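# Overview (structure and organization)
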Amino acid sequence: MGAGKSTLGPEVADRLGRPFVDLDRELERNLGKTIPELFQETGEYDFRLQEEGQAIAALHLPEPAVIAFGGGAVETAPIRNVLCDRAFTVVLEVDAETAWERSAGGDRPLAQDESEFHALYERRRELYDEVADAHAYDLEDIVLAAGGVHAHAGSLEQLDSLVPDDGALALVSDAHV
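Described in the following lines is the structure provided in the data block. All values reported here derive from a predicted model rather than from experimental measurement. (Residues numbered from 1 in each chain as written. Predicted model: local features only at pLDDT ≥ 70, side-chain atom pairs only at ≥ 80, totals over all residues. Heavy atoms only, no water.)

### Concerning the overall build of the protein
Helices and strands together make up the secondary structure of the protein, namely 8 helices and 4 strands. Secondary structure elements of the protein, listed N to C terminal, follow the sequence α-β-α-α-β-α-β-α-α-β-α-α. Among the 177 residues that make up the protein, the fraction classed as buried is 34%. In the protein, once contacts between residues fewer than 6 apart in sequence are set aside, the share between residues at least 24 apart is 66%. Accessible surface computed for the protein: about 10900 Å², of which carbon and sulfur atoms make up 51%. (Helix = DSSP H or I, 4+ residues; strand = E, 2+ residues; numbered from the N terminus. Buried < 20%, exposed > 50% of the residue type's maximum accessible area, 1.4 Å probe, protein only. Contact = heavy atoms within 4.5 Å. Areas by Shrake-Rupley, 256 points an atom, 1.4 Å probe, with all protein chains shown as cover.)

### Side note on the nonpolar core
Note that soluble globular proteins tend to have their nonpolar side chains buried in a common cluster. Ranked by internal contacts, the top residues of the largest apolar core, which has 15 residues, are Leu23, Ala55, Leu59, Phe69, Val74, Ile79 and Leu83. For this core, the secondary structure elements donating two or more residues are α3 (35-58), α4 (77-86) and α6 (114-131). If sequence neighbours within four positions are ignored, Phe69 has contacts with Lys5, Leu23, Ala55, Leu59, Ile79 and Leu83. Judged by nonpolar contacts, the second largest core, of 8 residues, contains Ala13, Val66, Leu92 and Ala136. (Core = buried A, V, L, I, M, F, W, Y, C linked by side-chain atoms within 4.5 Å.)

### As for the side chain of Glu51
Here Glu51 is to be found in helix α3. Those residues within four positions of Glu51 in sequence are excluded, and the remaining contacts are Leu23, Asp24, Leu27, Gly70, Gly72, Ala73 and Ile79.

### A short note on the environment of Asp22
Note that Asp22 resides in strand β1 (residues 20-22). According to the relative accessible area criterion, Asp22 is buried, its value standing at 10%. Taking the C-alpha atoms as reference, Asp22 lies 6.7 Å from Phe69; in sequence the two are 47 residues apart. Once you skip the residues sitting within four places of it in the chain, Asp22 turns out to touch Ser6 and Ala68. At 3.2 Å, the side chain of Asp22 forms a polar contact with the backbone nitrogen of Asp24. (Polar contact = N/O pair within 3.5 Å; in protein donor to acceptor, adjacent residues only side chain to side chain.)

### Some thoughts on helix α7 (residues 139-146)
All of the buried residues along α7 are Leu139, Ile142 and Ala145. End-on, the buried residues of α7 take up no more than an arc of 135°, which puts them together on one face. Contact partners of the buried residues in α7: α1 (5-16), β3 (90-92) and β4 (134-136). Its side-chain oxygen placed 3.3 Å from the backbone nitrogen of Glu140, Asp138 serves as the N-cap of α7. Phi turns positive, to about 90°, at Gly148, one or two residues after α7. (Arc of directions from axis to C-beta.)

### Description of the pattern of salt bridges
One pass over the structure, following the stated rule, counts 11 salt bridges. With its nearest N and O atoms 3.8 Å apart, the salt bridge here joins Arg25 to Asp22. With a relative accessible area of 41%, Arg25 lands in the partly exposed category. A salt bridge links Arg29 to Glu26, with the shortest nitrogen-to-oxygen separation between them at 2.5 Å. Residue Arg29 and its partner Glu26 are located together in helix α2 (residues 23-31), separated by 3 residues, close to a single helical turn. For Arg29, a relative accessible area of 57% puts it in the exposed group. (Salt bridge = Lys/Arg side-chain N within 4 Å of Asp/Glu carboxyl O.)

### Points about the packing of α1 against α7
Packing of α1 against α7 brings their axes to within 10 Å, and their N-to-C directions diverge by 45°. One finds that α1 runs oblique with respect to α7. Considering the relative orientation of α1 and α7, their crossing is right-handed. Contacts between α1 and α7 involve Leu8, Glu11, Val12, Arg15 and Leu16 on the former and, on the latter, Leu139, Glu140, Ile142, Val143 and Ala146. (Axes fitted to C-alpha atoms, helices over the stretch in contact; angles between N-to-C directions. Parallel < 35°, antiparallel > 145°, perpendicular 65-115°, else oblique. Left-handed = near helix turned anticlockwise from the far one by under 90°.)

Laid out in structure tokens, this is it:
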């Protein structure tokens with residue numbers, strides 16, 4: 001919630017040449033109600049059941065897609081299982097305070113109280129890590145991760161272990177790539 005999935009998702013899909021599915025928007029379209037209306041009318045439990053069916057269906061699409069899941073989808077074990085089995089999952093990283101600033105003051109049902117929001121953020125961290133194949137901070141990180149490129153602090157120091165002998169090592173980069 002508030003990480004930027006719905007914003008970056010279409011850009012990632014465009015870069016990868018894949019369709020984009022925003023699970024929350026699909027749920028709203030299929031059920032004819034907004035997420036806040038669903039929470040208010042049926043409660044979170046029923047919303048999560050609807051989300052589960054929609055999420056698992058999206059993960060079984062015939063063609064690969066970029067799918068933005070709602071922040072709470074990882075709290076549902078069957079969704080986590082299918083994510084691990086059928087998807088390359090990138091967790092879009094954002095700190096709790098930034099996520100709160102982006103989410104507060106809106107109509108998101110679980111972003112009404114700051115202390116509850118922070119507790120929810122912490123509770124979900126472990127679940128995100130459980131399903132993550134990669135972590136990313138921006139569009140470029142996501143695209144690189146989807147391509148199998150994993151750059152992180154300390155990567156440069158690990159390069160020598162990839163060179164087959166004691167020969168020279170050169171790192172060549174292009175700021176436009």
